[in-house]
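Structure assessment
Okay, here's what each chain looks like letter by letter:
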Amino acid sequence: MQVTLLGTGDTTGTPTPSCDCDTCTTARERGVQRSRFSVHVHNERTGESLLIDASPDFRQQFLDTDVTLPDAVLISHIHFDHIDGLGNVYRLLDDVPVYAADETDPKTGESVAETVARKYDYLDAITVEERSPFEPFEACGFEVTLVPVDHPPLVCYGLSIEDPETGAKLSLSGDTNYAVSKQSRDVLRNPDLLFVDGIVPAKYCEYHPLGGDHADGDGVFRTFGTKHMTIEGARRFADDLAADDYRLVHLSHYIPAEDAFDDDMAVDGVTFEL
């Protein structure tokens, strides 16, 4: 299993356009980027590739990295920075299955799969494949399982990807706060590699209108607002799941420059062999 981080940033990315903060400046000086989130998972046994989320930066991500175009796509949720790249399949791919959850979201009245089908009904190259959470399915020779996580007000899903031949396992938290259920955590547990959502340090919760949540015993918030984990929360989540290795993703440019490029904080273009 060859795993490439195509996009590791939040909704504005790093560097953020027209921003001269220390973190964006340092990213430019280092020549690194955190574009909108996406992960490429290549099955070296079958030669197939699965794309996790379709970033608005799809085209540039594939130009910048030496990876193949996907044979299948999985969409975790319907926020634009995870879905709007699907339009790029036009004239690039002939027929691509797009996997998405089948649970109806009370907020939208549609499942993620139904929203994808409605938004991209003009693209003949896309075939939406509905899948149920906690029910493993095969994609590109991998065993994939969607799990509900907590990203209000919309439904959102993390996932595990396992190679049935080698036992290699990749887990993704999805966009979520720290309050992921035990049932979902059990599916994600013990990965060789975990990509975990961490957007800002906990100290910045004081600037969020809703503050922070899920404080630990020392009062450190593990959730920023309601939607995302703090850096501290994400690291604790990786520890909770007993991940052999992990990287923080969905990182914002608000992380102080002196901390923003720590070894466990992902940048675009890095590849892992599992």
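Residues numbered from 1 in each chain as written. Predicted model: local features only at pLDDT ≥ 70, side-chain atom pairs only at ≥ 80, totals over all residues. Heavy atoms only, no water.

**Description of the nonpolar core**
For the record, the criterion: Note on terminology: a nonpolar core comprises buried Ala, Val, Leu, Ile, Met, Phe, Trp, Tyr and Cys residues joined through side-chain atoms within 4.5 Å. Throughout this description, buried means an accessible area under 20% of the type-specific maximum (1.4 Å probe, protein chains only), exposed means over 50%, and partly exposed covers the range between. Only runs of H or I of at least four residues qualify as helices and only runs of E of at least two qualify as strands under DSSP, and these elements are numbered from the N terminus.
Of all hydrophobic cores here, the largest spans 52 residues; its most connected members are L86, I161 and F195. For this core, the leading source of residues is strand 5 (residues 96-101), giving five residues. In terms of nonpolar packing, the next biggest core, distinct from the first, is built from 23 residues, V147, Y178, L188 and I255 among them.

**Things to note about the layout of surface pockets**
Worth spelling out the cut-off: A 1.4 Å probe that fits but cannot get out identifies a cavity on a 1 Å grid over protein atoms alone, an open set with protein on both sides within 12 Å along at least five of seven lines counts as a pocket, and a residue lines either if it has an atom within 4 Å of a point. Grid points are joined across faces, edges and corners, and a volume is the space filled by probe spheres set on the points. Amino acids outside the nonpolar list (Ala, Val, Leu, Ile, Met, Phe, Trp, Tyr, Cys, Pro) and the charged list (Asp, Glu, Lys, Arg) are all regarded as polar, and Gly is one of them.
Each pocket or cavity is described by its volume, and for the largest pocket that value is around 380 Å³. Split by residue class, the lining of the largest pocket holds seven nonpolar, eight polar and four charged. Quantified by volume, the second largest pocket comes out at close to 240 Å³. As for the second largest pocket, its lining consists of 19 residues, and the residues nearest its centre are L6, Q33, S35, D64 and D268. At the level of elements, strand 1 (2-7) and helix 2 (58-64) are the ones that each hand at least two residues to the lining of the second largest pocket. Residue contributions to the lining of the second largest pocket peak at three residues, all from helix 2.

**Quick look at a negative patch on the surface**
Worth spelling out the cut-off: Patches here are clusters of residues that have more than 30% relative accessible area and form no salt bridge, with a 9 Å joining cutoff for like charges and a 5 Å cutoff for nonpolar side chains (Val, Leu, Ile, Met, Phe, Trp, Tyr). Each accessible area value is a Shrake-Rupley result obtained with a 1.4 Å probe; residue values ignore everything except the protein chains displayed when judging cover. Salt bridges are defined by distance alone: a side-chain nitrogen of Lys or Arg within 4 Å of a carboxyl oxygen of Asp or Glu. None of His or the chain ends enter the tally, which takes Lys and Arg as positive and Asp and Glu as negative. Lys charges are placed at NZ, Arg charges at CZ, Asp charges at CG and Glu charges at CD.
A cluster of acidic residues, D20, D22, E258 and D259, forms a negative patch at the surface. Secondary-structure assignment places D259 in the loop between strand 15 (246-249) and strand 16 (271-273). In this structure D259 comes out as partly exposed when scored by relative accessible area, which is 32%.

**Some points on the sheet that holds strand 7 (residues 137-139)**
Under the convention used in this document: Between any two strands, pairing holds if DSSP finds at least two bridges. A fitted line through C-alpha atoms serves as each axis, taken over the contacting stretch for helices, and the angle formed by two N-to-C directions is quoted from 0 to 180°.
Ordered in space as 7-8-9-10-11-15, the six strands form an open sheet in which the pairing is mixed. Of all the strands in the sheet, just strand 7 and strand 15 have a single pairing partner and so form its edges. Neighbouring strand axes in the sheet, compared pairwise and without regard to direction, differ in orientation by 20 degrees on average. Across six bridges, the pairing between strand 8 (residues 142-148) and strand 9 (residues 157-162) is antiparallel. Bridge pairing links E143 to E162 in strand 9.

**A few points about helix 1 (residues 22-30)**
Let me state the cut-off plainly: To obtain the arc, one takes the directions from the helix axis to the C-beta atoms.
Burial in helix 1 covers these residues: T23, C24, T26 and A27. Down the axis, helix 1 shows its buried residues gathered within 160 degrees of arc, on one side only. Exposed side chains of helix 1 directed beyond 90 degrees from the buried face belong to D22 and E29.

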